[in-house]
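Close look at the chain arrangement
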Amino acid sequence: MNGISSKVKVEFYEDSLLPKRQLKLQSAELTNQGRVLVVINDEKLQFPGEYLLRFCECAKCFSSACLSHIRSLSDLYKADLSLKSVTMSEDGKYIEYVATNDHSGRFTAEWLYNRRMTQQGWEERNAAVFLHKPCSWPVADKMHVEKATYSEVTETEMGMQKFINNLIKDGLFIITGTPDRRVADEFGEKTGLAPIMNHYGPNWIVENVPVPTNHAYSSYALDLHIDQAFLMHCPNIQLLHCMTQSEVGGESIMSDGIRAANLLKERHPEYFHILTTLEINQKDVISHYNQQQYYVANRSPTIVLNKDGDPVKFMFNSVAQSSFFSGSPEQYEEYERATKAFVGLLNECSITFRNEPGDIMVFDNERVLHGRASYDKRYERKLEGWYLSWDMMHSRLRVSNIKTAQN
Ligand SMILES: [Fe+2]
Ligand SMILES: [Zn+2]
C-alpha cells in the first residue's frame, strides 16, 4: 500500500454493519482457564485470553489509519503471553486487561458483544456481511426480470440496492435509459464498480465485423454459454449495453443454470454426476484488443458445485471448448449424452427478450447462461460489454446498507 489511507476519510468501521444497541457490562472476571467471562445486558459471554491478546485494540496493536490489527504474530507467539488480570470500568462501558508482560488494552461492551462467540452472534455477523443468496428461477413464463433506470442505479442508494439485491437473487437485471455512448468507465467512476480487465481489454464492442476474432463479433446465432470459461478466474458479472439494435432478430436468450442443473440432477442423476466430475478443457488462442498473442487455457467440470453440493457455476462454452479431451472414448460418449440432456434443459428453462438501445443487460456470467438469435446484418447492432466482480459488488451493497441505516 502507498499510504493513501491517511488521505481517505474513514466514515465507518467493520462493526457499522451491525445494529446499534444500548449495552452495559455488569461484571468481568478472569477464569482459571485464562478466559475472560463478562456479563453484558444479562448475557454471559466468554472470550479466550489468546483471542483478546490477538485482537488487542490498543494504539500499538491496532492501526486506526488502516483499520487493522497490526501486531506481529511472531512477536506475540515468542512472548508466550497470557492474561494476568481483567477489570471493568465503573460505568460498565469497557474492560481493561493486563497481560503477563504488563501490556494492557481495553475492549468496549459494544466491541465484545458484537463479537460474542455464540451461534446467535456468528449468525448475526454472517447475515450482515455475507449477502450472496441466489434463488433459482421459477418456470420460464413466470420469470420476471427486474429493472431500474441508469440514473436510479448510479445516483441513488435505493436504486443501487435494488440493482445488486436482484442481481444476486436472479442473476439478471436490466438498467434502462443509459446514455447513447460508451459508459463502462463512467459507470465505474460513478458507482465505484470498476471494469475487470483481461485479454479482451477493459471493455469491448460486440458487432458484426468482416474478420471476427470471436464468434460473437458476427451476426450468427449464439448458443447458450458463459463468457471466458477458459480463464481460471472467470469474470463474475457481465454487462452488455445495447447502443443500437437490429430491426430483425438479435433477441437475447437467457437461462438460469441453477434451475437447469437441479432438473438434470432430478431427471438424470447419472448425467449430473458426469457433468459435475469430468473436467473439460477450454482455450482461447488469439489476440483481441492489442498486438499480443495469447494462449489461455483452463479445465473444469461443466457444472461446479459449492461445498454443500449445490450447483453454482457453469463452465460451458461450446465455441471456446478445446478438442483436447482428457478422458477415454467411452467417457466422451457419456459426456455427449449428458451435455445433450443439459442443453435441452437449459433451452427448456430459457427466456427470450429484446434489448432496446439504452438497456444494459447485467447478468451473473457464471450462473445465467446467455445466447442470442441471429440477426439481419443489414441493420447495425452494437453492444458495449464489460465485466465486474462480485467482490466489488458485495462491497458496494454493504456500503449502501450502512449508509441507508445511518440516514
Ligand atoms: Fe458471450
Ligand atoms: Zn495492545
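Keep in mind that this is a model prediction, so the values were computed, not measured.

**Focus on the overall build of the protein chain**
Of regular secondary structure, the protein chain possesses eleven helices and 22 strands. A buried classification covers 29% of the 407 residues belonging to the protein chain. Considering only residue pairs separated by 6 or more positions, the protein chain has 73% of its internal contacts joining residues 24 or more positions apart.

**Some points on the pairing of strand β1 (residues 25-30)**
Across five bridges, the pairing between β1 and strand β2 (residues 35-40) is antiparallel. Bridge pairing in β2 places S27 opposite V39. In this structure, the hairpin formed by β1 and β2 is closed by a connection of four residues, where G34 is found at a positive phi of approximately 85 degrees.

**Topic: the nonpolar core**
Ranked by size, the top nonpolar core spans 55 residues in total, and within it F163, I175, L264, Y271, L275, F342 and V362 carry the most contacts. Ignoring anything within four residues of it in the chain, the contact list for I175 reads A148, Y150, V153, F163, I360 and V362. Core analysis: the second largest hydrophobic core is formed by 16 residues, V36, V86, A109 and L112 among them.

**Focus on unusual backbone geometry**
The backbone phi angle of N41 is positive, close to 45 degrees, even though this residue is not glycine. Mapped onto the elements, N41 comes out in the loop between β2 and β3 (43-48). Given 13 C-beta atoms within a 10 Å radius, N41 is considered partly exposed. Although it is not a glycine, L67 adopts a positive phi angle of roughly 50 degrees. Within the secondary structure, L67 sits in the loop between β4 (62-63) and β5 (68-69).

**Things to note about the domain arrangement of the protein chain**
The assigned domain composition of the protein chain is domain 1 (4-129) and domain 2 (140-406). For domain 1 versus domain 2, the separation of C-alpha centres amounts to 43 Å.

**Digging into the environment of R115**
Note on placement: R115 falls in the loop between α3 (109-114) and α4 (119-129). It is 9.7 Å that separates the C-alpha atoms of R115 and L45, two residues lying 70 residues apart in sequence.

**Overview of the sheet that holds strand β11 (residues 204-206)**
Read from one edge of the open sheet, six strands run β9-β10-β20-β13-β22-β11, paired in mixed fashion. Each edge of the open sheet carries a strand with a single partner, namely β9 (147-149) and β11. Each strand axis lies, on average, 25 degrees off the axis of its neighbour in the sheet, ignoring direction. As paired elements, strand β13 (residues 237-244) and strand β22 (residues 382-388) share seven bridges and run antiparallel to each other. By the bridge assignment for β22, H241 is matched with E384.

**A closer look at the packing of helix α8 (residues 257-267) against helix α10 (residues 329-348)**
Two elements in contact, α8 and α10, have axes whose closest approach is 9 Å; the angle formed by their N-to-C orientations is 130 degrees. Classed by the angle they form, the pair α8 and α10 counts as oblique. Here α8 and α10 pass one another in a crossing that is right-handed. The segment α8 lies against α10, with A260, L263 and L264 engaging A341, F342, L345 and L346. Class assignment for the residues of the contact of α8 with α10 results in seven nonpolar, no polar and no charged.

**Let's talk about the environment of Y94**
On the secondary structure map, Y94 appears in strand β7 (residues 94-99). By C-beta crowding, Y94 is classed as partly exposed, having 19 other C-beta atoms within 10 Å. Leaving out residues up to four positions away in the same chain, Y94 has contacts with S89, R106, F107, T108 and A109.

**Focus: the sheet that holds β7**
One open sheet holds the three strands; their spatial order is β6-β7-β8, and the pairing between them is antiparallel. Looking at the sheet topology across the chains shown, the edges are occupied by β6 (83-88) and β8 (104-108). Between one strand and the next, the sheet's axes are offset by a mean angle of 20 degrees, whatever the strand orientation. The pairing of β7 with β8 spans five bridges and is antiparallel. Bridged to Y94 within β8 is T108.

**Section: α8**
An α-helical turn contains 3.6 residues, so a residue and the one three or four places further along point in the same direction. Residues of α8 that are buried include every one of G257, I258, R259, A260, A261 and L264, and no others. If you follow the buried residues of α8, they end up packed against β14 (252-256), α9 (269-277), β17 (303-305), β18 (311-314), α10 and β21 (368-372).

Conventions and cut-offs
- Residues numbered from 1 in each chain as written.
- Chains lettered and ligands numbered in written order.
- Predicted model: local features only at pLDDT ≥ 70, side-chain atom pairs only at ≥ 80, totals over all residues.
- Helix = DSSP H or I, 4+ residues; strand = E, 2+ residues; numbered from the N terminus.
- Buried ≥ 20, exposed ≤ 12 C-beta atoms within 10 Å, placed from the backbone.
- Contact = placed C-beta atoms within 7 Å.
- Pairing = 2+ DSSP bridges.
- Core = buried A, V, L, I, M, F, W, Y, C linked by C-beta atoms within 7 Å.
- Domains from an automatic or database assignment.
- Axes fitted to C-alpha atoms, helices over the stretch in contact; angles between N-to-C directions.
- Parallel < 35°, antiparallel > 145°, perpendicular 65-115°, else oblique.
- Left-handed = near helix turned anticlockwise from the far one by under 90°.
- Nonpolar A, V, L, I, M, F, W, Y, C, P; charged D, E, K, R; others polar.

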